[in-house]
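This is what each chain is made of:
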Amino acid sequence: MNQKKKTINARSYYVLVMLAAFLIAFLAGMWALNSSIKESNSRVLSISFDRTIDDPKSEEIYVIASPGRYWKNGELKGNQYSLTLYNKSAHAITDWNVSVQIPQGCSLESSWNGFWAIGGDMLYYKPADFHLNVEAGEQKSFGVVMYSHEDVPMNNIFLSYRENKKITTYPVFWVLLVGAFLDVFLVVTLIISNIQFKRYTKTHAAYKDLVRESLRTMANIIDTKDEYTKGHSLRVAIYSRMIAEKMGMSDYDQERIYYIGLLHDIGKVGIPVSILTKPGHLTDEEFAIIKRHPILGSSIMKDFTSIPGALNGILYHHERYDGKGYNSGLKGEEIPFEGRLICVADSYDAMSSKRCYRNTLSYEFIMDELKRNSGTQFDPEISKYMIELIEEGYAPVSDAEMEDYEI
Ligand SMILES: [Fe+2]
């Protein structure tokens with residue numbers, strides 16, 4: 001009759017491990033994302049443009065060159081070429097440079113916002129440090145004054161740059177961040193609720209002890225009235241709980257039935273000891289007094305409502321299944337379940353323990369009585385479970401074993 005005890009702590013630790021695993025997964029995701037961004041940022045991208053004035057709308061990052069008006073300097077033509085780099089993407093760029101195809105024989109005069117050089121038929125530009133990073137939506141202007149023998153259309157421009165994407169520009173980053181935040185929130189909530197649960201469990205255990213010890217004391221008061229019924233209430237409680245467990249009742253109901261078993265004979269506190277301990281046969285008058293103990297018990301316990309069904313067990317445990325019991329004469333399922341259950345456990349203990357008027361009855365006699373009275377005195381379903389308990393060796397419970405079965 002092992003009680004299955006599932007502790008909430010074990011479940012909490014399981015959830016905690018799961019949450020820790022999720023957190024590690026979120027952080028790993030962030031790390032992977034960051035690494036892939038770094039790798040993508042270090043890639044040099046090149047674009048060429050074949051137009052100078054028109055806005056190349058197909059690109060987010062582009063350069064427009066605008067030649068000014070030519071002036072004559074002897075054989076040469078002078079011009080001021082203004083260029084602008086547009087970054088209309090959602091991320092910054094860096095390490096960029098521009099090269100432009102030009103005719104042979106050009107010469108540089110002056111420039112701004114960067115460094116220019118001519119190599120063959122190419123004009124090279126490197127931005128000054130303050131121009132090196134171009135944020136999203138930003139544009140950078142730069143230019144050169146140059147002499148040439150002919151017009152320079154600047155319609156073949158090459159741009160190289162590196163993307164400088166921030167991790168926050170990726171939606172997956174926010175998904176991971178929210179996931180990690182929720183995860184941490186859940187972990188903290190779980191830890192706090194675990195601490196609170198431990199505190200609650202401690203207080204609850206203290207109250208439970210108080211209830212158990214109080215009810216046990218009440219049972220002791222009942223049993224000390226008669227030397228021969230010492231331990232009777234506790235044994236009835238133990239057998240009742242065993243039957244309840246066999247019937248598949250919940251832990252709560254098993255405990256409830258146990259306490260009802262402890263209290264079932266509380267009414268005996270109002271019966272004179274001389275009658276309870278009388279060795280010989282009782283007179284009709286004495287028997288009538290004894291028979292009143294369920295009513296007396298229910299009257300004593302009328303304000304005790306915290307254990308549902310307690311009054312049913314106290315008031316109806318001497319009813320019989322065939323309706324010939326006392327005090328109400330209820331029959332079959334009319335008798336509340338607690339009454340029918342306590343009746344079986346009570347009768348079994350009465351037969352299996354020594355009384356002032358007789359010795360312990362034999363195993364065979366008890367088994368025969370239980371079987372013979374199934375359906376008359378006892379609820380057959382309940383007595384069947386009691387018989388099983390006896391056959392399986394769980395009943396009777398000796399004085400030495402009682403401690404093991406106490407709640
Ligand atoms: Fe009784």
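Residues numbered from 1 in each chain as written. Predicted model: local features only at pLDDT ≥ 70, side-chain atom pairs only at ≥ 80, totals over all residues.

### Some words on the overall build of the chain
Part 1 of the reasoning: Check the secondary structure of the chain and you find 12 helices and 10 strands.
Part 2 of the reasoning: Taking the principal axes of its C-alpha atoms as reference, the chain extends roughly 150 × 35 × 35 Å.
Part 3 of the reasoning: Once local pairs closer than 6 in sequence are excluded, the contacts in the chain between residues at least 24 apart make up 69%. (Helix = DSSP H or I, 4+ residues; strand = E, 2+ residues; numbered from the N terminus. Contact = placed C-beta atoms within 7 Å.)

### Some points on the nonpolar core
Part 1 of the reasoning: If you look at the biggest cluster of nonpolar residues, it comprises 41 residues, and the most contacted ones within it are Ile243, Leu263, Val344 and Ala345.
Part 2 of the reasoning: Ranked by residues supplied to this core, first place goes to helix α3 (residues 232-246) with 8 residues.
Part 3 of the reasoning: What Ala345 contacts, discounting residues up to four positions off in sequence, is Val236, Tyr239, Ser240, Ile243, Gly261 and Met386.
Part 4 of the reasoning: One finds Ala92, Trp96, Ile102 and Val144 within the second-largest nonpolar core, a separate group that totals 23 residues. (Core = buried A, V, L, I, M, F, W, Y, C linked by C-beta atoms within 7 Å. Buried ≥ 20, exposed ≤ 12 C-beta atoms within 10 Å, placed from the backbone.)

### Here we look at the pairing of strand β8 (residues 122-127)
Part 1 of the reasoning: Residues Leu123, Tyr125 and Pro127 point to one face of β8 and are all buried, whereas Met122, Tyr124 and Lys126, pointing to the other face, are not buried.
Part 2 of the reasoning: Of the strand pairs in this sheet, strand β5 (residues 92-101) and β8 are connected by 4 bridges, and their pairing is antiparallel. Within the sheet, the bridge partner assigned to Val100 lies in β8 and is Leu123.
Part 3 of the reasoning: Where strand β7 (residues 114-119) and β8 come together, 6 bridges link them in antiparallel fashion. Residue pairing for β8: Ile118 is matched across the bridge by Leu123.
Part 4 of the reasoning: Two successive antiparallel strands, β7 and β8, enclose a turn made up of 2 residues, where Gly120 displays a positive phi of approximately 65°. (Pairing = 2+ DSSP bridges.)

### With respect to the packing of helix α4 (residues 251-263) against helix α9 (residues 337-352)
Part 1 of the reasoning: Look at α4 against α9: their axes get within 11 Å of each other, and the N-to-C directions meet at 65°. As α4 packs across α9, the resulting crossing turns out to be right-handed. Contacts from Ile257, Ile260 and Gly261 in α4 reach Glu338, Leu341, Ile342 and Ala345 in α9.
Part 2 of the reasoning: Tallied by class, residues from the contact of α4 with α9 come to 5 nonpolar, 1 polar and 1 charged. (Axes fitted to C-alpha atoms, helices over the stretch in contact; angles between N-to-C directions. Left-handed = near helix turned anticlockwise from the far one by under 90°. Nonpolar A, V, L, I, M, F, W, Y, C, P; charged D, E, K, R; others polar.)

### So, the domain arrangement of the chain
Part 1 of the reasoning: The domain architecture assigned to the chain consists of domain 1 (8-40 + 171-197), domain 2 (43-167) and domain 3 (224-405).
Part 2 of the reasoning: Computed from C-alpha coordinates alone, the two centres of domain 2 and domain 3 are separated by 103 Å. (Domains from an automatic or database assignment.)

### Some thoughts on the packing of α9 against helix α11 (residues 380-391)
Part 1 of the reasoning: Running from amino to carboxyl end, α9 crosses α11 at an angle of 40°, the nearest separation of the two axes being 9 Å. One way to sum up the angle between α9 and α11 is to call them oblique. Every pair of crossing elements has a handedness; the one defined by α9 and α11 is right-handed. Contacts between α9 and α11 involve Arg340, Leu341, Val344, Ala345 and Tyr348 from the former and Ile382, Ser383 and Met386 from the latter.
Part 2 of the reasoning: Grouping the amino acids of the contact of α9 with α11 by side-chain chemistry returns 6 nonpolar, 1 polar and 1 charged. (Parallel < 35°, antiparallel > 145°, perpendicular 65-115°, else oblique.)

### Observations concerning helix α7 (residues 293-300)
Structural remark: α-helix, 3.6 residues per turn; residues separated by three or four positions point the same way.
Part 1 of the reasoning: Burial in α7 covers these residues: His293, Pro294, Gly297 and Ser298. Buried residues in α7, looked at end-on, bunch into an arc of 135°, giving them a common side.
Part 2 of the reasoning: Looking at the packing, one finds that the buried side of α7 touches α6 (284-290) and α8 (310-316). (Arc of directions from axis to C-beta.)

### Here we look at the environment of Ile221
Part 1 of the reasoning: With respect to the helices and strands, Ile221 occurs in helix α2 (residues 171-223).
Part 2 of the reasoning: A count of 13 C-beta atoms within 10 Å places Ile221 in the partly exposed class.
Part 3 of the reasoning: Sequence spacing of Ile221 and Val269 is 48 residues, and the spatial spacing of their C-alpha atoms is 7.6 Å.

### Some words on the confidence of the model for the chain
Part 1 of the reasoning: The predicted model of the chain has a mean per-residue pLDDT of 89, with 94% of residues at 70 or higher.
Part 2 of the reasoning: Low confidence marks residues 1-5, where pLDDT is under 50. Its contacts with residues over four positions away, or in another chain, come to 3 contacts. (pLDDT = per-residue confidence, 0-100.)

### Quick word on unusual backbone geometry
Part 1 of the reasoning: Put simply, Tyr326 and Asn327 share a cis peptide bond, and its omega is 10°.
Part 2 of the reasoning: Within the chain, Asp95 stands out as a residue other than glycine whose phi angle is a positive 50°.
Part 3 of the reasoning: Relative to the elements of secondary structure, Asp95 occurs in strand β5.
Part 4 of the reasoning: For Asn113, which is not glycine, the phi torsion reads 60° and is therefore positive.
Part 5 of the reasoning: Following the sequence through the fold, Asn113 ends up in the loop between β6 (107-112) and β7.

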